[in-house]
Amino acid sequence: MIKLFVGLGNPGTEYEGTRHNAGFLWIDALASQWNTTLRMEKGYFGLVARTQQNGETVWLLKPQTYMNRSGQSVAALARFFKIEAQEILVAHDELDLLPGHAKLKFAGSHAGHKGLKDIEARLGTRDYWRLRLGIGHPGVRSEVINWVLQRPSAENRNAIQHCIDKTMSAVSDLLAGEFEAATRIINAKPAADQP
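- The name that an unreviewed UniProt entry assigns to the chain is Peptidyl-tRNA hydrolase, with the source organism given as Saezia sanguinis.
- If you open the UniProt record of the chain and go to Subcellular location (unreviewed entry), you find "Cytoplasm".

Shown next as structure tokens:
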């Protein structure tokens, strides 16, 4: 089962609503669904919520270390509460998926994502779950940094939010360790893409 849900992003008002903060948006949606509030915990370098779900303690985390040092926050909380890497899910922006698309994946490469790269380094393993939230690609590699730090168009923002809403229905399966069922829900193509 997942015991620690992490959303990646950058802190500060200048980054609110940017593509790189898709993971923050996902955690905010989950916190709203569970009617819980994240509060700053300096010892874990992030905004944290502790909640009970199905009789188990579950954590929500938004690292406040900036993207490139996300692992500092994730590792601090995971180590203190003895949460194994395979019990962690990290929601993050994904260039290789279109807005409105999401994929659940276990382990694998960080594919150049600086937040995932730091988490892998700090945990000492790639063996954690990733929820990849599509933000699309600018089409030119040199534009990627600007792209992820910009706010998406209204159409893309709505697609990302709709995708986040859809993935909320898989959370109960993630909590139960029913990863095949969660994958079917999350990886399903948006209705607009169906033939």
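### Things to note about the pattern of salt bridges
Side chains that differ in sign of charge can pair as their charged atoms come close.
Right, so step 1: Per the stated rule, a full pass over the model turns up five salt bridges.
Right, so step 2: Glu94 serves as the salt-bridge partner of Arg132, at 3.1 Å between the closest nitrogen and oxygen. Of this pair, Arg132 sits in strand β7 (residues 129-134) while Glu94 sits in strand β5 (residues 88-94), and the two are 38 residues apart along the sequence. Taken individually, Arg132 and Glu94 each receive the classification buried, so the pair is uniform in this respect.
Right, so step 3: A salt bridge links Asp118 to Arg122, with the shortest nitrogen-to-oxygen separation between them at 3.5 Å. With Asp118 and Arg122 both in helix α3 (residues 114-123) and four residues apart, the pair spans about one turn of that helix.

### Topic: the UniProt feature "binding site: tRNA" (unreviewed entry) in the chain
Right, so step 1: According to UniProt, the "binding site: tRNA" (unreviewed entry) feature falls on Tyr15, Tyr66 and Asn68. Annotated residues spanning 54 residues; largest pairwise C-alpha distance 14.2 Å, indicating a single compact cluster.
Right, so step 2: Turning to its location among the elements, Tyr15 is positioned in the loop between β1 (4-7) and α1 (22-33).
Right, so step 3: Beyond its immediate stretch of four places on either side in the chain, Tyr15 contacts Asn10, Asn21, Tyr66 and Leu149.
Right, so step 4: On the secondary structure map, Tyr66 appears in the loop between β4 (56-63) and α2 (70-80).
Right, so step 5: Ignoring anything within four residues of it in the chain, the contact list for Tyr66 reads Gly9, Asn10, Pro11 and Tyr15.

### Overview of the sheet that holds strand β2 (residues 39-41)
Right, so step 1: Strand order across the open sheet formed by seven strands is β2-β3-β4-β1-β5-β7-β6, with mixed pairing between neighbours. Across the chains shown, the open sheet's two edge strands, defined by having one partner strand only, are β2 and β6 (102-106). Strand-to-strand twist in this sheet, taken as the mean axis angle between neighbours without regard to direction, amounts to 25 degrees.
Right, so step 2: In this sheet, β7 lies alongside β6 in antiparallel orientation, the contact comprising five bridges. By the bridge assignment, Lys105 is partnered in β7 with Arg130.

### Some remarks on the UniProt feature "active site" (unreviewed entry) in the chain
Right, so step 1: Look at the UniProt record and you will see "active site" (unreviewed entry) annotated at His20.
Right, so step 2: Overall, His20 belongs to the buried group, its relative accessible area being 13%.

### Brief notes about the packing of aromatic side chains
When we look at a pair of aromatic rings, we describe it by the centre distance and by the angle of the planes.
Right, so step 1: Inspection of every chain in the model, using the stated rule, returns nine aromatic pairs.
Right, so step 2: Aromatic side chains Tyr44 and Phe81 sit 5.7 Å apart centroid to centroid with 50 degrees between the ring planes, which places their arrangement in the tilted category. Remark: Phe81 occurs in the loop between α2 and β5 and Tyr44 occurs in the loop between β2 and β3 (46-53); sequence separation between them is 37 residues.
Right, so step 3: Residue Phe81 is classed as partly exposed on the basis of its relative accessible area of 27%.
Right, so step 4: An aromatic cluster of three or more residues is present, and its members are Tyr44, Trp59, Phe80 and Phe81.
Right, so step 5: Above the face of the Phe24 ring, Lys62 is positioned so that its terminal group lies 4.9 Å from the ring centre.

The rules we used
- Residues numbered from 1 in each chain as written.
- Predicted model: local features only at pLDDT ≥ 70, side-chain atom pairs only at ≥ 80, totals over all residues.
- Heavy atoms only, no water.
- UniProt positions renumbered as here; feature names shortened; annotations may be inferred.
- Salt bridge = Lys/Arg side-chain N within 4 Å of Asp/Glu carboxyl O.
- Helix = DSSP H or I, 4+ residues; strand = E, 2+ residues; numbered from the N terminus.
- Buried < 20%, exposed > 50% of the residue type's maximum accessible area, 1.4 Å probe, protein only.
- Contact = heavy atoms within 4.5 Å.
- Pairing = 2+ DSSP bridges.
- Axes fitted to C-alpha atoms, helices over the stretch in contact; angles between N-to-C directions.
- Phe/Tyr/Trp six-rings, centres within 6.5 Å; stacked < 30°, edge-to-face > 60°.
- Lys NZ or Arg CZ within 6 Å of the ring centre and 35° of its normal.

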